Amino acid sequence: MREKYDFSGWATKNDLKCSDGRTIRKDAFKDNDGQTVPLVWNHDHHDPMNVLGHALLENRDQGVYAYCTFNDTAAGNNARQLVRHGDVTALSIYANKLKQYGGDVVHGAIREVSLVLAGANPGAFIDAVLEHGELAEDAGIIYTGEEIELAHTVTDQGEAVKAVEPKEEVKEEPPAPTKSKAKKKAETLPEPTADAELEHADSEEKDMEDETVQDVFNTLSDKQKQAVYALIGMALDEKEGSAQHSDDEDGLYHADDDSDETVQDVFDSLTDKQKTVVYALIGQALENAGNSKDDEDEGDSTVKHNIFDTDEMTENQDVLSHSEFEEILNDAKRGGSLKDAFLAHGIEDIDYLFPDAKNINDVPEFIKDPDDWVSVVMGGVRKTPFSRIKTLFADITEADARAKGYIKGHRKIEEVFGLLKRTTTPQTVYKTQKLDRDDVLDITDFDVIAWLKGEMRMKLDEELARAFLIGDGRNIASEDKIQEDHIRPIWTDDDLFTIKKTVSIASIASDDEKAKAFIRAAVKARKNYRGSGNPTLFTTEDVLTDCLLMEDNMGRVIYDTVQKLETALRVSKIVTVPPMEGVTREADGKTYALMGLIVNLKDYNVGADKGGQVSMFDDFDIDYNKMKYLIETRCSGALIKPFSAIALELTYSAILGVEPEDPSSVLLGKAVSSLQEDVVVHDKFIKGTLKYVTGYTGFSGDADEQSGNYLALHFDVSDGATTTVQLLGGSHKDPVTLDNDNNCVFRITDRNTQRIKVVTTLGDDTITKIYSLAGLSIETA
């Protein structure tokens, strides 16, 4: 038994087309069936004094019905009198968690029912309220415009004012499961009525003799009109393009997407006059489709508008007769295709009558490059709630700096200290969009504003991720450039933070040679890496492909999976970044093409002060009727750890780097640490201490050359280059060609007059360097 209530009414109704273009569909609020929600005044739920009582909700086929009871508060008693007197006659609901497909609202949760002033809210509409941070879920106030009914209302003296029981609705049992959306079989169509005329519908009353097809058609409900369209297009399945009218088919073609009624059920509800008009419309539609192609752009998506053109129908008396139409239907039942049956009777343009093509996707998809890398970058960087980033390391004595690899031998302590305590300040990054308001109102298939805002956030994240890795690529003079002293690209950051490793190959090198040089350079550069944990390799699809296609001397693929390549490169994963394709930089007169970045993004800090986080703004330009949208953030970004990234760059130019050999190495039977200490190679001279060594038989078979002072150097040159070294003023006058070890030991006898000459050649490019030895300290026996 339902409890005693003061009044009842529709909280919301199905198929309610609201002013914002959305439509409430059947069972959208079925989860509220049997629930009790607060009854409030005019949706003012912020003040408990406005709670008037409660409403018991009942989900019905037509919508949600509410049985409302007032409480005994002053506000409740006042509202009771307003309803009783007829001053307030309408309800509305507040609902959230609204889900929709295109323009159809298919799910939601009713949170309250409210008494509202119906006069202030004519018609049906939704006051939409976008909840913060929920682009996919709306909340809103839904007005139906339906009047409420008094029931069980009693006056203060106990006299019954009105006692009207709510209209109980019998819920029909759903039909047994059938084949979804199958077309109505031809044999189930009603027999056509003879003597039907095209221009005027038959009537038993004399004063109706002049009634036209248009007049009768206008008496049909929307559901009945939909059934008429379905009868004309019954032979085509919405998905397969044709209907199979087999005798064993038990299909039911529903009158619309939200009803269990079939075309037969709706057709049976028509009067004889309306049925006669249906036959006339089908005949006229077929005639027009077969004879008039000039009007193709003027017709409705299902039935041509000129069907109802009375003048044209008067002139066009040759129509498809009812008996001929019945014959077509019988042929269709025997042959299995209504379309073929029509064609057999000379109706060539039958496709003109059937439903138009429909979009597969409700929301337009973006054509874009793969962007999985964006989420990897945005999710990997370190984030702080402050935007000014400072890196500071206290202990930077020269000896400590050398031990940890913080500086090269020729770099000054003051320069290193300045970089270590650098401060990075923020910059605003934004994206704007605008829509004509007419377009916003006309696009009802999907939420175009939410779709546009999603695109804006996607492009903002992509631009930031690109700026973090390689910079935005704009010219430094551009007003739109993301300045690299605010968001510092990992690729072009100072050598103290990003190790620049050159992958140097000959211009005629094969893809296998290029990939081999890349892997070799990446592995060798790891000895100087001081970043956190196991880093990630960001590279291009071309570089990854070349590495995976590398073959050994037997023609077998070396790395047949990405995981094996990751292990060889000593990285946690490999991420391809389309914007890295073809990016280059110029330095020292040479062009360097970026092949990859090895970095743990935990060492890259992105900071934004309060208010600088990603924010969305919208505005309306009344002069141009434009909806304008802005998304922006104000942040900074920079590496915060020395030597925490490796940039692998390809160059076809010859390179030449000279440095002291690793002290732990053993050359020609002697440890380098026993030969020299504190050796530093500058651009034009070498300094350090050379120890006195005896018994260096590996150096020379000549006893006179097996003792003295020796200098061990390592040469960094291009793969494929030819490099020669020569001690000018030494006993060997001819240059010596370096082997694959790229190192050499020199016996120094006179530091003031002797010099070292190095020449490397790659193709047409040759580099020559000569170093003075006057800065060396020589120990004696």
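These notes cover the structure that comes with them. (Residues numbered from 1 in each chain as written. Predicted model: local features only at pLDDT ≥ 70, side-chain atom pairs only at ≥ 80, totals over all residues. Heavy atoms only, no water.)

1. Here's the deal with the packing of helix 9 (residues 372–380) against helix 13 (residues 448–469)
Turning to step 1, where the next piece is worked out: Direction vectors running N to C along helix 9 and helix 13 enclose 70°, while the axes themselves pass 9 Å from each other. Classified by the interaxial angle, the pair formed by helix 9 and helix 13 is roughly perpendicular. The hand of the helix 9/helix 13 crossing is left-handed. From helix 9, Trp 373, Val 374, Val 377 and Met 378 reach across to helix 13, where they touch Asp 461, Glu 462, Leu 464, Ala 465, Arg 466, Phe 468 and Leu 469.
Turning to step 2, where the next piece is worked out: For the contact of helix 9 with helix 13, the residue count by class is eight nonpolar, no polar and three charged. (Axes fitted to C-alpha atoms, helices over the stretch in contact; angles between N-to-C directions. Helix = DSSP H or I, 4+ residues; strand = E, 2+ residues; numbered from the N terminus. Parallel < 35°, antiparallel > 145°, perpendicular 65-115°, else oblique. Left-handed = near helix turned anticlockwise from the far one by under 90°. Contact = heavy atoms within 4.5 Å. Nonpolar A, V, L, I, M, F, W, Y, C, P; charged D, E, K, R; others polar.)

2. Some thoughts on helix 14 (residues 511–525)
Turning to step 1, where the next piece is worked out: The end-to-end C-alpha separation of helix 14 is 21 Å, in line with the 21 Å expected for 15 residues at 1.5 Å each.
Turning to step 2, where the next piece is worked out: Turning to helix 14, its buried residues are Lys 514, Ala 515, Ala 517, Phe 518, Ile 519, Ala 521, Ala 522 and Ala 525.
Turning to step 3, where the next piece is worked out: Contacts from the buried residues of helix 14 go to strand 18 (498–504), strand 19 (536–539), helix 15 (541–548), helix 16 (562–569), strand 22 (590–599) and strand 26 (645–651). (Expected span 1.5 Å × (residues − 1). Buried < 20%, exposed > 50% of the residue type's maximum accessible area, 1.4 Å probe, protein only.)

3. As for unusual backbone geometry
Turning to step 1, where the next piece is worked out: Although it is not a glycine, Leu 668 sits at a positive phi angle of roughly 55°.
Turning to step 2, where the next piece is worked out: Positionally, Leu 668 belongs in the loop between strand 28 (666–667) and strand 29 (670–671).
Turning to step 3, where the next piece is worked out: The phi angle at Asn 742 is positive, at roughly 55°, despite the residue not being glycine.

4. So, the packing of aromatic side chains
Turning to step 1, where the next piece is worked out: Counted under the stated rule, the structure contains eight aromatic pairs.
Turning to step 2, where the next piece is worked out: One aromatic cluster is present, formed by Tyr 5, Trp 10, Tyr 65 and Tyr 67 through successive ring pairs.
Turning to step 3, where the next piece is worked out: We note Lys 13 situated over the ring of Trp 10; from NZ or CZ to the ring centre the distance is 4.9 Å.
Turning to step 4, where the next piece is worked out: The ring of Tyr 592 is capped by Arg 585, whose NZ or CZ atom sits 5.1 Å from the centre of that ring. (Phe/Tyr/Trp six-rings, centres within 6.5 Å; stacked < 30°, edge-to-face > 60°. Lys NZ or Arg CZ within 6 Å of the ring centre and 35° of its normal.)

5. Section: the nonpolar core
Turning to step 1, where the next piece is worked out: Membership of the largest hydrophobic core comes to 71 residues, with the highest contact counts inside it found for Val 377, Phe 468, Leu 469, Ile 487, Ile 490, Phe 538 and Leu 597.
Turning to step 2, where the next piece is worked out: Looking at this core, the element that brings in the most residues is helix 13, giving nine residues.
Turning to step 3, where the next piece is worked out: Setting aside anything within four residues of it in sequence, one finds Val 377 in contact with Ala 465, Phe 468, Leu 469, Phe 538 and Leu 601.
Turning to step 4, where the next piece is worked out: The next biggest cluster of nonpolar side chains, apart from the first, holds 27 residues, and it includes Phe 7, Leu 16, Leu 98 and Val 105. (Core = buried A, V, L, I, M, F, W, Y, C linked by side-chain atoms within 4.5 Å.)

6. Topic: the sheet that holds strand 35 (residues 736–737)
Turning to step 1, where the next piece is worked out: With mixed pairing, six strands are arranged side by side in an open sheet as 30-31-38-37-34-35. The open sheet has two edge strands with one neighbour each: strand 30 (676–681) and strand 35.
Turning to step 2, where the next piece is worked out: In the sheet, strand 30 pairs with strand 31 (residues 685–690) via four bridges, with the strands oriented antiparallel. Within strand 31, the position partnered with Gln 676 by the bridge is Leu 690. (Pairing = 2+ DSSP bridges.)

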